[in-house]
Amino acid sequence: MRKLRLILGDQLNDRHSWFARVDPEITYLMMEVLPETRYVTHHIQKIAGFFAAMRRFAEAMSEAGHDFVYLRLNDPENLQSFPANLTRLIDARRIERFEYLLPDEYRLDQLLKQFAAESDIPVAAADSEHFLSSREEVGAFFRGRKTFVMEAFYRHMRRKWDILMDGERPLSGRWNYDAENRKALPQRLTPPAPLNFDHDVSEIVDLIRSLEIDTIGRIDAAHFPWPLDHHEAQQLLDHFLANGLANFGTYQDAMDTGSPYLYHSRLSFAMNLKLLHPREIVQKTLDYWQAHPEAVDIAQVEGFIRQIIGWREFMRGIYWDTMPEYEQLNYFDHRRPLPAFYWTGDTRMNCLRHAITQSLDLAYAHHIQRLMITGNFANLLGVHPDAVDAWYLGIYIDAIQWVEITNTRGMSQYADGGIAATKPYVSSANYIHKMSNYCRGCHYDRQKRYGEGACPFNSLYWDFFDRHRALLGNNPRVGMAYRNLDRMDPEELDNIRQQARYYQENQDTL
Ligand code: FAD
Ligand code: SF4
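Keep in mind the model is a prediction, meaning the values are calculated, not measured. (Residues numbered from 1 in each chain as written. Chains lettered and ligands numbered in written order. Predicted model: local features only at pLDDT ≥ 70, side-chain atom pairs only at ≥ 80, totals over all residues. Heavy atoms only, no water.)

**Observations regarding the overall build of the protein chain**
Thought 1: The helix and strand tally for the protein chain stands at 21 helices and nine strands.
Thought 2: Relative to a compact globule of 510 residues, whose C-alpha radius of gyration would be 24 Å, the protein chain shows 24 Å and is just as compact.
Thought 3: In the protein chain, which comprises 510 residues, the share counted as buried stands at 57%.
Thought 4: Summed over all atoms, the accessible surface of the protein chain reaches about 21,200 Å², with 48% contributed by carbon and sulfur. (Helix = DSSP H or I, 4+ residues; strand = E, 2+ residues; numbered from the N terminus. Rg over C-alpha atoms; globule rule 2.2 N^0.38 Å. Buried < 20%, exposed > 50% of the residue type's maximum accessible area, 1.4 Å probe, protein only. Areas by Shrake-Rupley, 256 points an atom, 1.4 Å probe, with all protein chains shown as cover.)

This is the structure in C-alpha cells:
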C-alpha cells in the first residue's frame, strides 16, 4: 500500500519509530508554506532557523534511504498550503493511505482533522513520541480540582518516570529547591561563553527577503548560531552540562546587562523542534551529576529537571485542556495596545530597552526577562493579551503556540484568571533592582513612585492592584500587596494613580 506521511517543521525527531526502517512504499512530505511565515510577524532568525533545520532533516533522511519530498518556499509546484500540497501529491503518486504525526499546535491539529474528514483515502494520526505526558494527562490529573498546580503535576511526573526518587520519597527528602534558587549574579562571576554554531543561512534569508515576508529582528546570516540537528543539539546540551548546570538554579532568576544567557541552557529551540528528546536531556543531566558530584549539587539538578519534566509538560497539558477557549481569555479586560518600543527597544527604561534590544538581536531572552521585564510591564500597563501574545509568538526563536500562549497569556499576563499560575507575576522596581544591574544608570529613579523621573514600574504596580481589587483582593498569594495598599496614605495613593494614568496615556514616550 502506497503511503504518504507528513512531517511538520517542529517534528524533526530522527529517532521516531517511523524512521526505524526504510520502506519503499512510503513517501514523506515536508513543506515550507507562506501562511506559516505570516500568521504573526516572526523574527527573521525564527523563520531561517526552522527552514534550515527542516532542510537539513529532509536531506539526512533522504541520505538514509527514505523517500522524501521537500517543497521549498519558491518551488514552482508548491501550492503554499498544507491541504493543497497534500492533495496534489496524493493524486500524483496514487497514494492509498495518509498519515501524520499529531501536531502540537491547535490550528494545525484542526486543519489536519478537517483534511482527514474530507479525504477519500484512509487517514491516521500517530504520536510524535516526544513528550513525557500525553495531551490529556494534565487535564485528567486535575479533573475535579479548582486549580492547576504545577508542583503537584511535577511530583506526579517524578514518580511516574522515577526521576530523583528514592522509592516513593524524593531523593534527599526534598521535592523542590526553588527557594534557594533566587540569587542575583555576583560581580565575581563571569557566565560561560555561549556555544554558537556557525551556519550559513544566507540562501534562506535571501529567499525570505525576495518574497517580501515581513519579519522583525536582526540576523547575521553567515553565522547563524542555533543548532540545526540532533548532533548539534547534543553538543549544546553537553556544553550546558559542563559549563552551566553547576550554577543553573542559583542564578536562574538573575538578569545582567553583560550576559544575555547567564547559566541558561538555550535548549528550547532544539527541544521545540524535537531535535532533542526530554528523556535524553534528563538522563544526561543525571549521568553528569553522578560523574561530577563535587561540582554540581542537587539544587541545580532538581531546578533544571523541574523545567523539563515539570513546567514544559504542564504548560502543554494546559494548552490541550483549554484550547481554543484559552486564546480568548482576558481576565482583567485589558485593552491597551502594545507600546511601540516593543518593536524597536527605543525606550529610556533601561530594563525594557535591554531585554527588547537583546530579543531583537538574538531572538532570545531568558525566562525572567520574559516574565518580569517585558511581560510584567505589559500587564501593569494593561495591554490586550492578544497583542502581547502576538509579540511573544513572533520574537522568540523557540515560540510555538502551545508553550508561548500558556506562558504569556497564562503565567505572565494572568489573563486566564489563574489556570497556569496562582498569582499575577508583577513587580515594582524593587524586584528588578534586586535581581539585575538594570537600574544602575537608568534614566528613571527606581526609588520614586511619582514625580519627575519616577520609575514607571512603581506607580503602575500599585495602580494595578488598586484597579483590580475586585478580581485579586481575595487571592491570599497577593495579600501582602493589598495590606500595603490599605496602609498607604490617601494622598500618596492619589499621586500614584495620577502618575500611572500619565504613564498609560503617554506609553509610547517612556
Ligand atoms: P532554560 O532556562 O535553560 O530552561 C531549560 C528548558 O526548560 C527550556 O529550554 C524549556 O524547554 C524548559 N522551560 C523552562 N521554563 C519553561 C516554561 N515556563 N514553560 C515551558 N518550558 C519551560 N518557552 C518556549 O519554549 N517557547 C516560548 O514561546 C516561550 N514563551 C514564553 C513567554 C513568556 C512570557 C514566558 C514568561 C516564558 C516563555 N517560555 C517559552 C518559557 C521559558 O522562558 C523558555 O523556555 C526559556 O527561556 C528558554 O530558554 P532556555 O532554553 O535557555 O531555558
Ligand atoms: Fe527598569 Fe525602573 Fe529600574 Fe529603570 S529604574 S531599569 S525603568 S525598574
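Next comes the rest of the write-up.
**Considering the pairing of strand 5 (residues 97–101)**
Thought 1: Within strand 5, four of the five residues are buried, which leaves the element mostly enclosed by the surrounding structure.
Thought 2: Alignment of strand 1 (residues 3–6) against strand 5, held across four bridges, turns out to be parallel. Each residue of the ladder has a partner; that of leucine 6, found in strand 5, is tyrosine 100.
Thought 3: Relative to strand 6 (residues 123–126), strand 5 runs parallel, the two being bridged by four bridges. For glutamate 99, the partnering residue across the bridge sits in strand 6 and is alanine 124.
Thought 4: Handedness of the crossover joining strand 5 and strand 6 through helix 4 (residues 106–118): right-handed. (Pairing = 2+ DSSP bridges. Right-handed = clockwise from strand over helix to strand, strands pointing away.)

**Concerning the site of ligand 1**
Thought 1: Neighbouring residues of ligand 1: 29 residues in total, closest His264, Ser265, Arg266, Asn272 and Tyr364.
Thought 2: Within the side chain of tyrosine 364, one N or O atom sits 2.7 Å away from an oxygen atom of ligand 1.
Thought 3: Taking histidine 367, its side chain carries an N or O atom lying 3.0 Å from an oxygen atom of ligand 1.
Thought 4: When isolated, ligand 1 has an accessible area of 820 Å², and the protein chains bury 99% of it.
Thought 5: Looking at the shell around ligand 1, the elements that each hand over two or more residues are helix 10 (268–272), helix 12 (298–322), helix 14 (367–381) and helix 16 (401–412).
Thought 6: Ranked by residue count, the leading element in the shell around ligand 1 is helix 12, at six residues.
Thought 7: Considering only residue class, the shell around ligand 1 consists of 14 nonpolar, ten polar and five charged.
Thought 8: Two domains each donate at least three residues to the shell around ligand 1, and these are domain 2 (137–192 + 244–322) and domain 3 (340–509). (Near = heavy atom within 4 Å. Polar contact = N/O pair within 3.5 Å; in protein donor to acceptor, adjacent residues only side chain to side chain. Nonpolar A, V, L, I, M, F, W, Y, C, P; charged D, E, K, R; others polar. Domains from an automatic or database assignment.)

**What to know about the nonpolar core**
Thought 1: If you look at the biggest cluster of nonpolar residues, it comprises 149 residues, and the most contacted ones within it are Ile7, Leu352, Phe377 and Phe465.
Thought 2: Ranked by the residues each element gives to this core, the list is headed by helix 12, at twelve residues.
Thought 3: When residues no more than four places from it in sequence are discounted, the contact partners of isoleucine 7 are Leu12, Trp18, Phe19, Tyr28, Leu29, Met30, Phe57, Phe68 and Leu101.
Thought 4: Core analysis: the next-biggest nonpolar cluster, separate from the first, contains 19 residues, Leu8, Leu89, Leu112 and Ile121 among them. (Core = buried A, V, L, I, M, F, W, Y, C linked by side-chain atoms within 4.5 Å. Contact = heavy atoms within 4.5 Å.)

**Focus on helix 12**
Thought 1: The end-to-end C-alpha separation of helix 12 is 34 Å, in line with the 36 Å expected for 25 residues at 1.5 Å each.
Thought 2: Arginine 306 marks the point of greatest bend in helix 12, at about 35°.
Thought 3: Most of helix 12 sits inside the fold, with 22 of its 25 residues counted as buried.
Thought 4: By the N-cap criterion, in which a side-chain oxygen at the helix start approaches the backbone nitrogen of a residue two or three places on, helix 12 is capped by aspartate 297, the distance to alanine 299 being 2.9 Å. (Expected span 1.5 Å × (residues − 1). Bend = angle between axes of the 7 residues up to and from the residue.)

**Observations concerning the site of ligand 2**
Thought 1: Taken together, Met349, Asn350, Cys351, Ala429, Ile432, Tyr438, Cys439, Cys442, Tyr444, Arg446, Cys455 and Phe457 make up the full set of residues adjacent to ligand 2.
Thought 2: Listing elements by their share of the shell around ligand 2, those giving two or more residues are helix 13 (350–362) and helix 17 (429–435).

**Comments concerning the packing of aromatic side chains**
Thought 1: Counted by the stated rule, this structure contains 42 aromatic pairs.
Thought 2: With a centroid separation of 5.2 Å and an interplanar angle of 90°, the aromatic rings of phenylalanine 131 and tryptophan 402 are classed as edge-to-face. One end of the pair, phenylalanine 131, is in the loop between strand 6 and helix 5 (137–142); the other, tryptophan 402, is in helix 16, with 271 residues separating them in the sequence.
Thought 3: The structure contains a cluster of three or more aromatic residues connected by ring pairs, namely Tyr331, Phe332, Tyr414, Tyr461, Trp462, Phe464, Phe465 and Tyr482.
Thought 4: In this structure, arginine 174 is placed above the aromatic ring of tyrosine 177, and the distance from its NZ or CZ to the ring centre is 4.1 Å.
Thought 5: If you follow arginine 316 out to its NZ or CZ, it ends over the ring of phenylalanine 131, 3.8 Å from the centre. (Phe/Tyr/Trp six-rings, centres within 6.5 Å; stacked < 30°, edge-to-face > 60°. Lys NZ or Arg CZ within 6 Å of the ring centre and 35° of its normal.)

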